Amino acid sequence: MDLVDNRYSIQGVDLIDLAAEFGTPVYVYDAEKIKEKFDSLCNAFKGVKMKVKFASKSLTNLSILKLLRSYGSDLDCVSIQEVHLGLMAGFTPHQILYTPNGVSLDEIREAVELGVTINLDNISILEQFGNVYHGTVPVCIRLNPHIMAGGNHKISTGHVGSKFGISVYQIPHIVRVVETYGINVTGLHMHTGSDILEADVFLRASDILFDAAKNFKNLAFIDFGSGFKVGYKEADIVTDINELGEKLSSAFKAFCKRYGKELEMWFEPGKFLVSESGTFLTTTNVVKTTPATVFAGINSGLNHLIRPMMYDAYHEIFNLSNAGGTKRIYTIVGYICETDTFGVDRKLNEVKEGDILAFKNAGAYAFSMSSNYNSRLRPAEVLIYQGKAHLIRKREVFEDLTRNQVEIEI
Ligand SMILES: *Cc1c(COP(=O)(O)O)cnc(C)c1O
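On a predicted model such as this, the values are computed, not experimentally measured, just so you know.

**Digging into empty space enclosed by the protein**
This structure, assessed with the given rule, holds one cavity of 30 Å³ or more. Looking at the largest cavity, its volume works out to about 60 Å³. Lining the largest cavity, in full, are Pro100, Asn101, Gly102, Val103, Ile108, Asn119, Leu120, Asp121, Asn122 and Ile125. Looking at side-chain class alone, the lining of the largest cavity contains five nonpolar, four polar and one charged residues.

This is how it looks when you write it as structure tokens:
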């Protein structure tokens, strides 16, 4: 995003003009930013055979999926519906990894029929899978290395109390099941959560995977999941992708040598690729002074952006309409009948009713977690691609709320 003469723009597209054209609230994505992040990841791992499987749950818009495909990304899907979206966006089944949690064998059968790579995360389903397919359908196994990522239990998935993955302590049991049914294990996977700061934590977890790999003779890839920490505040420490690239690549190469085969290294980033690309534009409905603070109330709420309330996530907020104005302190809140506070005691250029307030880092888990709570409509989405703003999702209309309701005689 650029700021010139107190006007904010992305790829030369003025954001106030964009808000006037498409209305607010609106999610705006910068294709160039996604490309920059994608390239930086490829660059950090250029010494190994690395594949990026974009975690589609973070931002599932078809045009975004197509964009990432055009950059060379594959896809990670956590539901059969995401698999169908991926296929619609033009990914081949071969490019799609299906990583469900807690689904029935029926859904997994459907994924097998579609020809995507299956990633299983519990022994019960692995046994049922083996009983049906034996060695005919290759499978990846999701392990839980019991490494605690960050301090946040809500986004950490690798600790001992987590529902995800099969415990590394159960490897003897996995091996028994695999041998009994002749299952063809071609990949090992971990995803320890979304907040790993240190390359060293990745390395510790990967050592556990390398060790587990000894038990499986036919591996083609190891999937390190994600966990790249993204900066939300100016001062946030982020994963140093080049440091991680260097350290993990050399550990991986040494492992491949021991294993006797050059495997592929896979990653499944969501946030890392799309978080920074997104800006959420809203309009100030009311400025309300109370004995405690000054509230800026906007035409949005936890129905559009739930991360601040659900994860205590910090999103930088700024006033697009008065970029040169005097800074004052505000608490920014939504219009939902819940406490939906986006930010407390934020310094913004003086806010007047009608001003456009923008949220940074609104690409990942923002629109994709939106809802119709309070019977509010979901926002539009716009992609800025090759210097032009393209509508990639229409704003909902009232009929969207009633479409599937069935009224009975009362
Ligand atoms: C959510 C998820 C990811 C992506 O996590 P980010 O923090 O957005 O990078 C990757 N893999 C799996 C299995 C996931 O569930």
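Resuming the write-up.
**Re helix α7 (residues 171-181)**
Looking only at α7, the buried set comprises Ile171, Ile174, Val175, Val177, Val178 and Tyr181. Angularly, the buried residues of α7 cover 165° about the axis, an arc narrow enough to put them on a single face. In this structure, α7 carries Pro172, Arg176, Glu179 and Thr180 as exposed residues pointing more than 90 degrees from its buried face. The inward-facing, buried residues of α7 contact α6 (123-133), β9 (139-144), β10 (166-167), β11 (185-189) and α8 (199-213). A positive backbone phi angle near 65° is found at Gly182, which sits one or two residues after α7.

**A closer look at the pairing of strand β21 (residues 388-393)**
Pairing analysis gives five bridges linking strand β20 (residues 380-385) to β21, with the strands arranged antiparallel. Residue pairing for β21: Leu383 is matched across the bridge by His390. In textbook terms, the turn of a hairpin is the stretch between consecutive antiparallel strands, and for β20 and β21 this stretch comprises two residues, one of which, Gln386, has a positive phi near 50°.

**Considerations on the domain arrangement of the protein chain**
Per the domain assignment, the segments making up the protein chain are domain 1 (2-29 + 277-402) and domain 2 (60-269). Each of domain 1 and domain 2 was reduced to a C-alpha centroid, and the two centroids are 34 Å apart. Residue-level contacts link 14 residues of domain 1 with 13 residues of domain 2. Applying the counting rule to domain 1 against domain 2 returns zero salt bridges. The tally of links between domain 1 and domain 2 comes to three residue pairs in polar contact (both at pLDDT 80 or more). Among the secondary structure elements, those contributing two or more residues to the side of domain 1 that touches domain 2 are α11 (307-311), β20 and β21. Considered class by class, the residues forming the side of domain 1 that touches domain 2 number seven nonpolar, three polar and four charged.

**Considering a nonpolar patch on the surface**
Residues Val406, Ile408 and Ile410 make up a contiguous nonpolar surface patch of roughly 450 Å² in combined accessible area. With respect to the secondary-structure elements, Ile408 resides in the segment after α12 (398-402).

**With respect to the packing of α8 against helix α9 (residues 241-259)**
At a minimum axis separation of 10 Å, α8 and α9 run at an interaxial angle of 15°. Regarding the angle of α8 to α9, the classification is roughly parallel. For the element pair α8 and α9, the recorded crossing hand is right-handed. On α9, the residues that touch Ala199, Asp200, Phe202, Leu203, Ser206, Phe210 and Ala213 of α8 are Glu243, Leu244, Lys247, Leu248, Ala251, Phe252, Phe255, Arg258 and Tyr259. Each residue belonging to the contact of α8 with α9 can be placed in one class, and the counts come to 11 nonpolar, one polar and four charged.

Rules used in this analysis
For every chain, the first residue of the written sequence is number 1, and numbering continues from 1 onward in sequence order. Under the rules for a predicted model, residues below a pLDDT of 70 receive no local features and side-chain atom pairs below 80 are neither given nor counted, while totals for whole chains, interfaces and linings still include all residues. Excluded from the side-chain calculations are hydrogens and water; all other atoms, namely the structure's heavy atoms, are used. Using a grid of 1 Å spacing that covers the protein atoms alone, one calls a set of points a cavity when a 1.4 Å probe fits there but cannot get out, and a pocket when the set is open and has protein on both sides within 12 Å along at least five of seven lines; lining residues are those with an atom within 4 Å of a point. Grid points are joined across faces, edges and corners, and a volume is the space filled by probe spheres set on the points. Basically, the charged four are Asp, Glu, Lys and Arg, the nonpolar ten are Ala, Val, Leu, Ile, Met, Phe, Trp, Tyr, Cys and Pro, and anything else, Gly included, counts as polar. In this scheme, a residue with accessible area under 20% of its type's maximum is buried, one over 50% is exposed, and one in between is partly exposed, where area comes from a 1.4 Å probe on protein chains only. Segments assigned H or I by DSSP are reported as helices when at least four residues long, segments assigned E as strands when at least two residues long, and all are numbered from the N terminus. Starting at the helix axis, one direction is taken to each C-beta atom, and the arc is that of these directions. Only heavy atoms enter the contact rule, under which two residues are in contact if any of them lie within 4.5 Å. When DSSP finds two or more bridges between a pair of strands, those strands are recorded as paired. These domain limits were set by an automatic method or by a database of domain assignments. We define a salt bridge as a contact between a side-chain nitrogen of Lys or Arg and a carboxyl oxygen of Asp or Glu at a distance within 4 Å. Definition of a polar contact: a pair of N or O atoms within 3.5 Å, with one able to donate and the other able to accept a hydrogen when the atoms are protein atoms, and with sequence-neighbouring residues admitted only if both atoms are side-chain atoms. For patch detection, residues must exceed 30% relative accessible area and be free of salt bridges, and they are connected within 9 Å for like charges or within 5 Å for nonpolar side chains (Val, Leu, Ile, Met, Phe, Trp, Tyr). Residue burial considers only the protein chains on display, and all accessible areas are found by Shrake-Rupley using a 1.4 Å probe. Axis definition: a line fitted to C-alpha atoms, over the contacting stretch in the case of helices. Angles run 0 to 180 degrees between N-to-C directions. Throughout, the term roughly parallel applies to angles under 35 degrees, roughly antiparallel to angles over 145, roughly perpendicular to angles from 65 to 115, and oblique to all others. Note: crossing handedness is left-handed where the near helix turns anticlockwise from the far helix by less than a right angle, and right-handed where it turns clockwise.

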